[in-house]
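Read off the chains here:
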Amino acid sequence: EELPRLPSVPGSGGDAAPVALELSLGGPFDALAARAADALTPIPGEGVLVARGPIDLRLNHGEQSIDLGRVEGGRHRLVVVQSRGDGYVDGLTFAHQAGLLSLPEAVARARAFQAWLGQAGFAVLPGADRLDPAPFTTMPSDGSEGVSAAGWDEAAALLADDGQAVTAMELYALRTAGQLATVRLENVRRHEREVCAHSEWRGEEGREWRLLVTISPSLAPVP
C-alpha cells in the first residue's frame, strides 16, 4: 500500500512547478526514465518509477495523445511499472485527485472520468465481461466474494452505509484494442481501521475517499 521512503529530490516539494510528461505503454522503460529526469524516480530493484512532484500526465494512445490531468507528488504517487525481463512500460497507476474527496465528489469525478475515457476511445468491448469484474463490485479485504451494485445510485448508497464497511469498490473497466483502464474507489479511513483496529482517523471529516486509476496493456476480448 505504501512505497518505501525515498530521499528528497531538490525541487520536488509542493511548490515545485508541474512537469509535462507523455507516457506510452509498451515504450522503453529506460528511455522514459531518462526523459523524465527527476520527475520520475526509480525504486532500486523494484522495476518501477514513482513521481514525487506534480506531473501533467499525457498518455500516448494509438495515434493521439490524451490528457490524463495533473498527478500530484506526495503520499499517493504516480507509479509506472516495468514489464519483468522485457524492459518496457507495462502499466501505470495514479490517484485521480490532489487530495481526499467526499463520497459525492468522488462519485461525480468517477462518472466524469468514465465519460472522458469514452470520448478518448475506451469502451466496454464485446466479451469484456469474461475478463473484467462486474461494474460496481466491492473488493473485500478478507478475500471473500464481493457484492455488485446495479448502478451508480445503488453503488453510492452501499458505499455511504458505514455499517456495510465497504473499503474498496471496482467501479468500471474500459478497453481499447490495446489498453485497459480500471477505476477503483477506496475509503482510506476504513482501510486504516482494518490495518489497525485501534487507529484513529486523523483526516478531514467526510473527506476520506480516493479514486485510483490503472492503465495497462490489454488483449481485446474476442466477441
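Here is what the cut-offs are and how they apply
- Residues numbered from 1 in each chain as written.
- Predicted model: local features only at pLDDT ≥ 70, side-chain atom pairs only at ≥ 80, totals over all residues.
- Heavy atoms only, no water.
- Salt bridge = Lys/Arg side-chain N within 4 Å of Asp/Glu carboxyl O.
- Helix = DSSP H or I, 4+ residues; strand = E, 2+ residues; numbered from the N terminus.
- Buried < 20%, exposed > 50% of the residue type's maximum accessible area, 1.4 Å probe, protein only.
- Contact = heavy atoms within 4.5 Å.
- Core = buried A, V, L, I, M, F, W, Y, C linked by side-chain atoms within 4.5 Å.
- Pairing = 2+ DSSP bridges.
- Axes fitted to C-alpha atoms, helices over the stretch in contact; angles between N-to-C directions.

Colleague: Please clarify how the pattern of salt bridges should be interpreted in this entry.
Modeller: Two side chains of opposite charge can pair, provided their charged atoms sit close to one another. One pass over the full model with this rule turns up nine salt bridges. Measuring nitrogen to oxygen at the nearest pair gives 2.8 Å for the salt bridge that ties R189 to D162. Of the two residues, R189 sits in helix α4 (residues 188-195) while D162 sits in the loop between α3 (152-160) and β9 (168-175), which places them 27 residues apart along the sequence. R189 sits in the buried class, given a relative accessible area of 19%. Several salt bridges converge on common partners, so that one network encompasses D162, R189, R190 and E208.

Colleague: Would you take a moment to explain the environment of L159 for this structure?
Modeller: Looking at the element boundaries, L159 is found in helix α3. Taking the C-alpha atoms as reference points, L159 and L103, separated by 56 residues in sequence, lie 8.0 Å from one another. Aside from chain neighbours lying at most four places away, what touches L159 is L103, V166, M169, L185, R190 and W209.

Colleague: Mind showing me how you'd approach the nonpolar core here?
Modeller: Soluble globular proteins tend to pack their nonpolar side chains together in the buried interior. Counting residues in hydrophobic clusters, the biggest one holds 48 residues, and the most contacted among them are L40, L78, V80, L92 and L171. With residues near it in sequence (within four places) discarded, L78 still touches L40, L49, V50, A51, I55, L57, V71, L92, T93 and F94.

Colleague: In this structure, what is going on with the environment of L92? I would like to understand it.
Modeller: Looking at the secondary structure, you find L92 in strand β7 (residues 89-95). For the pair L92 and P217, spaced 125 residues apart in the sequence, the C-alpha separation amounts to 9.9 Å. Aside from chain neighbours lying at most four places away, what touches L92 is L23, L25, L57, L68, L78, V79, V80, V213, T214 and I215.

Colleague: Can you help me understand the side chain of T167 in this one?
Modeller: In this fold, T167 is placed in the loop between α3 and β9. By relative accessible area, T167 is classed as buried at 12%. Excluding its chain neighbours within four sequence positions, the residues that come into contact with T167 are L185, E186, N187, R190, H191 and E194.

Colleague: What's the story with the sheet that holds strand β1 (residues 19-23) in this structure? I'm lost.
Modeller: Two orientations exist for strands paired in a sheet by backbone hydrogen bonds: parallel and antiparallel. Spatially, three strands are ordered β1-β4-β5 in an open sheet, and the strand pairing comes out mixed. Both edges of this open sheet fall to β1 and β5 (64-71), since each of them pairs with a single strand only. Mean inter-strand twist for the sheet, computed between neighbouring axes without regard to direction, equals 25°. In terms of strand pairing, β1 meets strand β4 (residues 55-61) through five bridges, oriented parallel.

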